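# Chain and residue survey
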Amino acid sequence: MTKVSRAESASGQVSGGGPVSRRAAKGASRADGQETVPPVNNKSSFTLWLWVTGAFLILVVAWTVMFKVAHAAKIQSVPLTTSGGGTR
């Protein structure tokens, strides 16, 4: 294990003099030089899709109810002219 002085750890500098990147600090590269990808949290992605699907279903239900209410409303027709011949 390598010891790091307080000044080096506080400034984010390593013995090479450059800043520590987050990938280097987390050890995200393998010995062969390829970067590793962190695993996807399947629970959070499932929860996100569950919320998206739920919101879509709520919108579908709301539109259906609005169209049913609009279809059931009684609409009175308005005559284009008056019965007296159009004079005021």
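The numbers attached to residues start from 1 for each chain and follow its sequence in the written order. Reporting in this predicted model follows two pLDDT cut-offs: at least 70 for local features of residues, and 80 or more for side-chain atom pairs to be given and counted; totals over whole chains, interfaces and linings ignore these cut-offs and use all residues. Processing note: side-chain calculations cover all non-hydrogen atoms of the structure and skip hydrogens and water entirely.

### A word on the overall build of the protein
As a reminder, the rule being used: Secondary structure counts use DSSP, requiring at least four H or I residues in a row for a helix and at least two E residues in a row for a strand, with both numbered from the N terminus. Only protein chains enter the calculation, and the probe is 1.4 Å; a residue is then buried if its accessible area is under 20% of its type maximum, exposed if over 50%, and partly exposed in between. Each accessible area is a Shrake-Rupley result for a 1.4 Å probe, and residues are judged covered by the shown protein chains and nothing else.
When helices and strands are tallied, the protein shows three helices and zero strands. In the protein, the succession of helices and strands from N to C terminus is α-α-α. Every one of the 88 residues in the protein was classed for burial, and the buried ones make up 1%. A total of about 9000 Å² of accessible surface is found on the protein, and carbon and sulfur atoms cover 64% of it.

### A word on helix α3 (residues 42–72)
Note the following rule: For a helix, the expected span equals 1.5 Å multiplied by the number of residues minus one.
Its 31 residues place the ends of α3 45 Å apart at the C-alpha level, agreeing with the 45 Å of an ideal helix rising 1.5 Å per residue. Of all the 31 residues making up α3, zero are buried; the element is thus mostly uncovered.

### Notes on a nonpolar patch on the surface
Let me state the cut-off plainly: Each patch is built from residues that are more than 30% exposed by relative accessible area and take part in no salt bridge. Like charges join if they lie within 9 Å; nonpolar side chains (Val, Leu, Ile, Met, Phe, Trp, Tyr) join within 5 Å. Criterion for a salt bridge: a side-chain nitrogen of Lys or Arg within 4 Å of a carboxyl oxygen of Asp or Glu.
Residues L59, W63, M66 and F67 make up a contiguous nonpolar surface patch of about 480 Å² in total accessible area. Mapped onto the elements of the fold, L59 is located in helix α3.

### Re the confidence of the model for the protein
This is how it is decided: Scored between 0 and 100, pLDDT is the confidence that the predictor attaches to each residue.
The pLDDT averaged across the protein works out to 73; a share of 59% of its residues lies at or above 70. Mean pLDDT across the elements of the protein ranges from a minimum in helix α2 (residues 22–26), with 50, to a maximum in α3, with 94.

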